[in-house]
Amino acid sequence: MGIFHCPVGAAFYDDEDCIDCGMCTAETEEQMVEASKKIRIFLRANAPKPGPIKKVTVCGKGGVGKSSLTTLLARALRAEGYSLLVLDTDESNPGLFRMFGFESGPKPLMTMLSRFASGTPAPGTEWLMGDTINVEDIPSEFILNNDNLKFLMIGKIEDPFQGCACSMADIARDLMRKLTLKEKEIVLVDMEAGVESFGRGVERNVDTVLIIVEPSFESMALAGKIGYMCEGMGIYRVRGVLNKVPSEKIRQRMIEELDRKNIKVIGTVYYDPELSEAGFEGRPPGQSKAAGDVETIVKNLFNEVD
Amino acid sequence: MSSIDPIYQELAAKMGKPDLKNLPLLLAKLADLEEARILNTLSASTEVIAEKLNLAKETVTKHLKALFEKGLVFQGKTGWHLTRTWGALHDSAGSSDVVKYGDVLDEEFFRLLQATSEEDREQRVSDVVTGKAPLRRNMRVIPRWKSIKNIPGLLPYEDIRQIFKASDPIVLLPCACKRAEPDRECKGTVPEVTCVTCGRAGQYNLNRGAGKKLTYDDALALFDTFDQLQLVHLTGNTNRLPSLVCNCHYDCCGQFQVNKKAQEVLHQDVIVKSRFIATIDPKKCKGCRLCIEKGCPAGADTIRYYPELGEERATIDAEICIGCGLCVINCPSEARMMKMVRAPDHIPEPDVKAGEAD
């Protein structure tokens, strides 16, 4: 490895930026892994302090209640005086708009992709090509609007020849990166299940990641994985939200387990039949105990920042 | 040849390459015996070196300056250090000022540089075969910016414009690989000065008088002059802004040569492909063969018969295409465009262990 490939950008060993990780002289697999560890510790310790909560993503294993909690989070945030932009990227679950009380979904952003296919931006896509995007710049056909809540959908690939699966994430990532938010504006992203989206880098432009965790081994294992990936990406406000918690005893055990995975828990939503019923019927959840739990979570989140 | 002082063998071992037979010879060419003794006391401060070797401080300072300009030593926070690796030595010594150090950096030096590289390439590949070391895949292709400029979702570290915009200084440097191949295939067309170092690495090269500072506009204009040339941009394979952008020719570039060797022996690539591949619209292609005769550096272009068109047109082997974008910007019929085929995690975090294949 030449001097020019230093992972932290030092020009040579013992240069101002050098952290003596040993990557430049590592020859064996073990030395490389050892150097990797030092780099990771360094990256973690030198991460920029997270700023205000602006771009929030909700993720977790399939079925843990991401959509239901996204709905309740949006409600609680609006009660705090925020206007919200909800971005639905979960192509496996196309009914989120119903849970927000909309009759039908907006035009999916994916429909623009065919216009890019020529290689030159077609009319109507300029708003996505600039350096920044304001919420007002997004054409109204892609937005559902209801009293301080705007709803956007990425949509899914209908035609297998339309391009690779990355294109969808590319649009989401571009949008998230360029979106410039005013005071009291928040973007809430309902992520597709699993960790695939992380690989596509959508989260890189996010300042807050909420991992919804239910009392199951798989859900907690995935949470650990998501936390690890966020760390590598430099997102440091990663918080666990416990959902479907049946008892105080289980709650304690979940907190302990997540603590071992380096994930701080920001709040708990206890098991609430109303949430399940609303989810089952695909309607907005009513005023329930869970809604109160989520209000507390939102308060915790903002108190933590102050 | 066998009469060189054993101190050079010691220095080669300190650079992690005790087995390369040519490295001590190369070092002997670069540093005289007094300089070699200084190198052997490192890491140390000027004062400590002077005391240890019983030399005047001025003499040590003078030697260190020359050694620094020849790419053998660096001054860090805690003192002077020997260049740590053979790879670093290749890049720095090979790009040093050949006018000022003409007596050292002569034909013989570059012959030795080439021979050492060749030996090291053999060793790198055989080390993988014997399981001694993993295959490091340090360099990745970035496409010509003109070929991808309209694709949404570009990452800053795969777009030359973004890289240059964020880099200060941008410093142009002679290419050590091209210098070491006196009979390189691209000699008539491709200049020797093609490497761009950015940020701290760029400043280092300015400090030792090896490079030339470029503005953002200069740098893009320079890259415009490479439009027609069969060069591939290579850069460090991490998701950080790179400190080096090479313009490599497949014939003489050290990375391409080790890539070829690894393909033959290990059936693996060393050069990491870009996130894009070139695609072709056979209806627009006029079958001019320009892409085949003087285009693709990876040899991914061929002609095949398209039954639906009843004619022969160009086709691209997507497995071979490295995604450099050269054919896209040069196709006279505008029949080609780039397509994004790999997700952002194709480009790893800096701490992801090297040697991992796709």
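You'll find the structure just up there.
Criteria and thresholds
- Residues numbered from 1 in each chain as written.
- Chains lettered and ligands numbered in written order.
- Predicted model: local features only at pLDDT ≥ 70, side-chain atom pairs only at ≥ 80, totals over all residues.
- Heavy atoms only, no water.
- Helix = DSSP H or I, 4+ residues; strand = E, 2+ residues; numbered from the N terminus.
- Buried < 20%, exposed > 50% of the residue type's maximum accessible area, 1.4 Å probe, protein only.
- Contact = heavy atoms within 4.5 Å.
- Areas by Shrake-Rupley, 256 points an atom, 1.4 Å probe, with all protein chains shown as cover.
- Expected span 1.5 Å × (residues − 1).
- Pairing = 2+ DSSP bridges.
- Axes fitted to C-alpha atoms, helices over the stretch in contact; angles between N-to-C directions.
- Parallel < 35°, antiparallel > 145°, perpendicular 65-115°, else oblique.
- Left-handed = near helix turned anticlockwise from the far one by under 90°.
- Nonpolar A, V, L, I, M, F, W, Y, C, P; charged D, E, K, R; others polar.
- Phe/Tyr/Trp six-rings, centres within 6.5 Å; stacked < 30°, edge-to-face > 60°.
- Lys NZ or Arg CZ within 6 Å of the ring centre and 35° of its normal.
- Salt bridge = Lys/Arg side-chain N within 4 Å of Asp/Glu carboxyl O.
- Polar contact = N/O pair within 3.5 Å; in protein donor to acceptor, adjacent residues only side chain to side chain.

1. Considerations on the overall build of chain A
Reasoning step 1: Counting its secondary structure elements, chain A contains 11 helices and 10 strands.
Reasoning step 2: Relative to its 306 residues, chain A shows a buried fraction of 54%.
Reasoning step 3: Long-range contacts, defined as pairs at least 24 residues apart, comprise 74% of the intrachain contacts of chain A with a sequence gap of at least 6.
Reasoning step 4: For chain A, the computed accessible surface area is about 13400 Å², with 52% contributed by carbon and sulfur atoms.

2. Some remarks on helix H13 (residues 254-266) of chain B
In an α-helix, one turn spans 3.6 residues, which is why side chains three or four residues apart end up on the same side.
Residues and elements named next belong to chain B.
Reasoning step 1: The end-to-end C-alpha separation of H13 is 17 Å, in line with the 18 Å expected for 13 residues at 1.5 Å each.
Reasoning step 2: Along H13, the residues classified as buried are Gly254, Gln255, Phe256, Gln257, Val258, Asn259, Lys261, Ala262 and Leu266.
Reasoning step 3: Elements that come into contact with the buried residues of H13 comprise helix H7 (107-129), strand E3 (139-142), helix H10 (176-180), strand E7 (231-236) and strand E8 (244-249).
Reasoning step 4: Just downstream of H13, histidine 267 is the residue with a positive phi angle, here 55 degrees.

3. Overview of the side chain of B:Thr315
Reasoning step 1: Of note, B:Thr315 is situated in strand E11 (residues 311-316).
Reasoning step 2: Every residue in contact with B:Thr315, bar those within four places of it in the chain, is listed here: B:Ile280, B:Ala300, B:Asp301, B:Thr302, B:Ile303, B:Arg304 and B:Tyr306.

4. Structural notes on the sheet that holds strand E5 (residues 149-153) of chain A
Residues and elements named next belong to chain A.
Reasoning step 1: Strand order in the open sheet made by the eight strands is E4-E5-E2-E7-E1-E8-E9-E10, with mixed pairing throughout. Whereas interior strands pair on both sides, the edge strands pair on one side only; in this sheet they are strand E4 (144-145) and strand E10 (264-270).
Reasoning step 2: For strand E9 (residues 237-245) and E10, the ladder comprises five bridges, and the chain directions are parallel. Looking across to E10, one finds that arginine 239 is bridged to lysine 264.

5. So, the packing of helix H3 (residues 33-41) of chain B against helix H4 (residues 46-53) of chain B
Residues and elements named next belong to chain B.
Reasoning step 1: Taken N-terminus to C-terminus, the directions of H3 and H4 make an angle of 120 degrees; their axes are 10 Å apart at the nearest point. The angle between H3 and H4 places the two elements in the oblique class. Of the two possible hands of crossing, H3 and H4 adopt the one that is right-handed. On the side of H3, the interface is formed by Arg37, Ile38 and Thr41, while H4 contributes Ile49, Lys52 and Leu53.
Reasoning step 2: Residues belonging to the contact of H3 with H4 are distributed by class as follows: three nonpolar, one polar and two charged.

6. Section: the packing of aromatic side chains
Reasoning step 1: Evaluated as defined, the whole model comprises 12 aromatic pairs over all chains.
Reasoning step 2: Centre to centre, the rings of A:Trp127 and A:Phe142 are 6.2 Å apart; their planes meet at 40 degrees, and the pair counts as tilted. Placement of A:Trp127 in helix H5 (residues 126-129) and of A:Phe142 in the loop between strand E3 (133-134) and E4 is noted, with a sequence separation of 15 residues between them. With respect to burial, A:Trp127 and A:Phe142 carry one shared label: buried.
Reasoning step 3: Here A:Lys184 stacks its cationic end above the ring of A:Tyr82, 4.3 Å away from the centre of that ring.
Reasoning step 4: The side chain of B:Arg304 reaches across the aromatic face of B:Tyr306, ending 3.9 Å from its centre.

7. Considerations on the pattern of salt bridges
Reasoning step 1: One pass over the full model with this rule turns up 35 salt bridges over all chains.
Reasoning step 2: Note that A:Glu141 is salt-bridged to A:Lys107, the shortest N-O span being 3.1 Å. Of the two residues, A:Glu141 is situated in the loop between E3 and E4 and A:Lys107 in the loop between helix H3 (96-99) and helix H4 (113-116); the sequence distance between them amounts to 34 residues.
Reasoning step 3: Note on A:Glu141: relative accessible area 40%, which makes it partly exposed.
Reasoning step 4: Since its relative accessible area comes to 31%, A:Lys107 is described here as partly exposed.
Reasoning step 5: With a closest N to O distance of 3.5 Å, A:Asp207 and A:Arg237 form a salt bridge. Here A:Asp207, found in the loop between helix H7 (196-199) and strand E8 (208-213), pairs with A:Arg237, found in strand E9; they are 30 residues apart in sequence, far enough to count as distant.
Reasoning step 6: A relative accessible area of 17% places A:Asp207 in the buried class.
Reasoning step 7: Using a relative accessible area of 4% as the deciding quantity, one classes A:Arg237 as buried.
Reasoning step 8: Each of A:Asp15, A:Glu16, A:Asp17 and B:Arg200 takes part in a single network of salt bridges with overlapping partners.

8. As for the environment of B:Tyr250
Residues and elements named next belong to chain B.
Reasoning step 1: Position of tyrosine 250 among the secondary structure elements: in the loop between E8 and H13.
Reasoning step 2: Sequence separation between tyrosine 250 and alanine 88 is 162 residues; the distance between their C-alpha atoms is 21 Å.
Reasoning step 3: If near-sequence neighbours (up to four positions away) are discounted, tyrosine 250 is found in contact with Glu185, Gln230, Phe256 and Pro297.
Reasoning step 4: One polar contact links tyrosine 250 to glutamate 185, side chain to side chain, over a distance of 2.9 Å.

None of this, on its own, says anything about what the molecule does.
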